[in-house]
Amino acid sequence: MNRTTATRELGQFKTLEQFIIERQESFPHSTGAFSRLLRDISVAAKIVNYHMRRAGLVDIYGDTGELNVQGEVQQKMDALAHREFVRALRRGGECCLIGSEEHAEAIPIRANGGSDGKYIVLLDPLDGSSNIEVNVSVGTIFSIYRMPEDHVGEVTLEDALQPGSKQVGAGYVVYGSSTMLVYTTGNGVNGFTLDPSIGEFLLSHPNIRTPKTGTMYAINEGNYNSFEDGLKKYIKWCQRKDKATGRPYKTRYIGSFVSDFHRNLLKGGIYIYPATASSPEGKLRLMYEANPMAFIVEQAGGRASDGHTPILQKQPRELHQRTPLYIGSEEMVRTAEAFLQGEMDLD
Ligand code: P6P
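Residues numbered from 1 in each chain as written. Predicted model: local features only at pLDDT ≥ 70, side-chain atom pairs only at ≥ 80, totals over all residues. Heavy atoms only, no water.

Enquirer: Whenever I open this one, the side chain of Ser256 confuses me. Can you help?
Expert: As for its placement among the helices and strands, Ser256 is situated in the loop between β12 (250-251) and α6 (257-267). Within the structure, Ser256 has its side chain in polar contact with the backbone oxygen of Ser137 (distance 2.8 Å). Ignoring any residue separated from it by four or fewer positions in sequence, one finds Ser256 in contact with Asp127, Asn131, Ser137 and Val138. (Helix = DSSP H or I, 4+ residues; strand = E, 2+ residues; numbered from the N terminus. Polar contact = N/O pair within 3.5 Å; in protein donor to acceptor, adjacent residues only side chain to side chain. Contact = heavy atoms within 4.5 Å.)

Enquirer: How should I be thinking about the site of the ligand in this particular structure?
Expert: Asp127, Gly128, Asn220, Tyr253, Gly255, Ser256, Phe257, Tyr271, Tyr273 and Lys283 make up every residue found near the ligand. In the model, an oxygen atom of the ligand is placed 2.9 Å from a nitrogen or oxygen of the Asn220 side chain. In this structure, Phe257 approaches the ligand through a main-chain N or O atom, which is 2.7 Å from an oxygen atom. For the ligand, whose unbound accessible area comes to 400 Å², protein coverage reaches 80%. Residues of the shell around the ligand, tallied by class, amount to four nonpolar, four polar and two charged. (Near = heavy atom within 4 Å. Areas by Shrake-Rupley, 256 points an atom, 1.4 Å probe, with all protein chains shown as cover. Nonpolar A, V, L, I, M, F, W, Y, C, P; charged D, E, K, R; others polar.)

Enquirer: I would appreciate a short explanation of the nonpolar core in the present structure.
Expert: The nonpolar side chains of a soluble globular protein tend to be buried with one another. Membership of the largest hydrophobic core comes to 41 residues, with the highest contact counts inside it found for Tyr172, Phe257, Phe261, Leu265, Met293 and Ile327. Broken down by element, the residue count for this core peaks at nine residues, all from helix α7 (residues 286-299). Those residues in contact with Phe257, other than ones at most four positions away along the chain, are Asp127, Ile141, Tyr271, Leu284, Glu289, Met293, Leu325 and Ile327. With 40 residues, the next largest nonpolar core counts Phe34, Leu123, Tyr175 and Phe201 among its residues. (Core = buried A, V, L, I, M, F, W, Y, C linked by side-chain atoms within 4.5 Å. Buried < 20%, exposed > 50% of the residue type's maximum accessible area, 1.4 Å probe, protein only.)

Enquirer: Teacher, can you tell me more about the domain arrangement of the chain here?
Expert: Many analyses report the size of an interface as the accessible area lost when the parts associate. According to the domain assignment, the chain contains domain 1 (3-205) and domain 2 (216-340). Each partner contributes to the roughly 2800 Å² buried at the junction of domain 1 and domain 2, and carbon and sulfur atoms together form 63% of this total. Connecting domain 1 to domain 2 are 14 residue pairs in polar contact (both at pLDDT 80 or more). Of all the secondary-structure elements, those providing two or more residues to the side of domain 1 that touches domain 2 are β3 (95-100), β5 (119-127), β6 (138-146), α4 (157-160), β7 (169-175) and β8 (179-184). (Domains from an automatic or database assignment. Buried area = accessible area lost by both parts, 1.4 Å probe.)

Enquirer: How do you make sense of the packing of aromatic side chains when you look at a structure like this?
Expert: The geometry of two aromatic rings is summed up by the distance between their centres and the angle between their planes. Tallying each qualifying case throughout the model produces 13 aromatic pairs. Taking 6.0 Å as the distance between ring centres and 80 degrees as the angle between the ring planes, the aromatic pair formed by Trp237 and Tyr249 counts as edge-to-face. Taken together, the residues span a long stretch of sequence, with Trp237 in helix α5 (residues 229-239) and Tyr249 in the loop between α5 and β12 at a distance of twelve residues. Taking the relative accessible area as the measure of exposure, Trp237 reaches 13% and is therefore buried. Under the relative-accessibility criterion, Tyr249 is labelled buried at 10%. Taken together, the ring pairs in this structure connect Tyr172, Tyr253, Phe257, Phe261 and Tyr271 into an aromatic cluster. Looking at Arg247, its charged tip hangs above the ring of Trp237, at a distance of 3.8 Å from the centre. (Phe/Tyr/Trp six-rings, centres within 6.5 Å; stacked < 30°, edge-to-face > 60°. Lys NZ or Arg CZ within 6 Å of the ring centre and 35° of its normal.)

Enquirer: Even after reading the chapter, I still don't get the sheet that holds strand β15 (residues 325-328), so can you show me in this structure?
Expert: Through backbone hydrogen bonds, the strands of a sheet pair up, either in parallel or in antiparallel fashion. Strand order in the open sheet formed by five strands is β12-β11-β13-β15-β14, with mixed pairing between adjacent strands. Among the strands making up the open sheet, the edge pair consists of β12 and β14 (303-305). Pairing analysis gives two bridges linking strand β11 (residues 216-218) to strand β13 (residues 270-273), with the strands arranged parallel. Note that in β13 the partner of Tyr217 across the bridge is Ile270. Relative to the sheet, α7 contacts β14 and β15, its axis offset from that of β15 by approximately 30 degrees. (Pairing = 2+ DSSP bridges. Axes fitted to C-alpha atoms, helices over the stretch in contact; angles between N-to-C directions.)

Enquirer: In this structure, what is going on with the packing of helix α2 (residues 33-52) against helix α3 (residues 76-92)? I would like to understand it.
Expert: Two quantities define a packed helix pair, namely the angle between the axes and the distance from one axis to the other. It is the contact of α2 with α3, at a shortest axis distance of 9 Å, that shows an interaxial angle of 150 degrees. On the basis of their axis angle, the class for α2 and α3 is roughly antiparallel. By crossing handedness, the relation of α2 to α3 is classed as right-handed. Residues Leu37, Asp40, Ile41, Ala44, Ala45, Ile47, Val48, His51 and Met52 of α2 form the contact with α3, whose participating residues are Met77, Leu80, Ala81, Glu84, Phe85, Ala88, Leu89 and Gly92. Partitioning the contact of α2 with α3 into residue classes produces 13 nonpolar, two polar and two charged. (Parallel < 35°, antiparallel > 145°, perpendicular 65-115°, else oblique. Left-handed = near helix turned anticlockwise from the far one by under 90°.)

Enquirer: Whenever I open this one, the sheet that holds strand β4 (residues 107-108) confuses me. Can you help?
Expert: If you trace the eight strands from one edge of the open sheet to the other, you get β4-β3-β5-β6-β7-β8-β9-β10, paired in mixed fashion. Each of the sheet's edge strands pairs with one partner strand only, and the pair in question is β4 and β10 (200-205). Of the strand pairs in this sheet, β7 and β8 are connected by six bridges, and their pairing is antiparallel. Bridged to Val174 within β8 is Met180. On the sheet, α3 packs against β3, β4, β5, β6 and β7 and is oriented at approximately 160 degrees with respect to β5.

Enquirer: Just checking my understanding: could you explain the packing of α5 against helix α8 (residues 330-340) for this structure?
Expert: One way to put it is that α5 packs onto α8 with a least axis distance of 7 Å and a crossing angle of 135 degrees. Accordingly, the angle class assigned to the pair α5 and α8 is oblique. The hand of the α5/α8 crossing is right-handed. On α8, the residues touching Gly230, Leu231, Lys233, Tyr234 and Trp237 of α5 are Met332, Thr335, Ala336, Phe339 and Leu340.

Here you go:
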């Protein structure tokens, strides 16, 4: 039977704003502050998307000649994305502290009139940005916490260093063949596709559930020699022929975490960035990459760990700390963990 893909009238789609308000109404005591915070983030995402779509035509390719706090060459688009998200959050007034990959220290935000917002936002303004000039998809990742109830005095970084299980929201924007915003507030995962003709994110992927298993694994095998033995065995296991489990699996590694994550979320798969010789703590950052994506993947039925401990249970020590990361379809992550913990071996 040939499937016809009916193109729905734009008006039939629910916009992100309509969705947020609808969800807000299910929280009777909601003040609307969280809804306004999500709106502020979506505004910044649209602005970054605008610039992204012009990259190559205006001078925003390449690097700033600066190193970011990670010691990595800062791309012009990194700096632009950081600036736009900080502006939108500062202007919105719902956020009291920002932690950004592009800024060494946490950024306290004094809302208009000095009254602080009650939310903390941690973000990677543009992950994978070195891919922009070769036209590979990149993304923004954000994580939202409430100020601790017992907070007194000035907001400090300590208020942000909460385990991922305390997040009240998390999401990402993938600037790909289309621009999508995917987020959770702990009641499932929903995806919105930007319609540039009307400048609205439209609900295109309601209630995303990630497959329990898959046939794709994403890892930089160039680091193979420095992988721990259990991981080497897992990779060999993935490569072995076994019809029942769809092996050998396919390797799909874009070099852009948000893109690899998004594909695995929809199709099933696992993304691994382990401890390596050059990144002994792993490369991905706990607070604004691993935690938000772990919240999303668990809400969609998947799993995320550092190979031993669930990501959301890790107690952060510092804003830019890194973690090994195994994330994606639950059964695939559990199998990788079993090899790492010596519970599985190659027969
Ligand atoms: P490597 C981009 O810099 C990033 O943080 C992720 O988006 C990506 O998956 C990873 O690093 C790529 O790192 O060491 O494989 O080039």
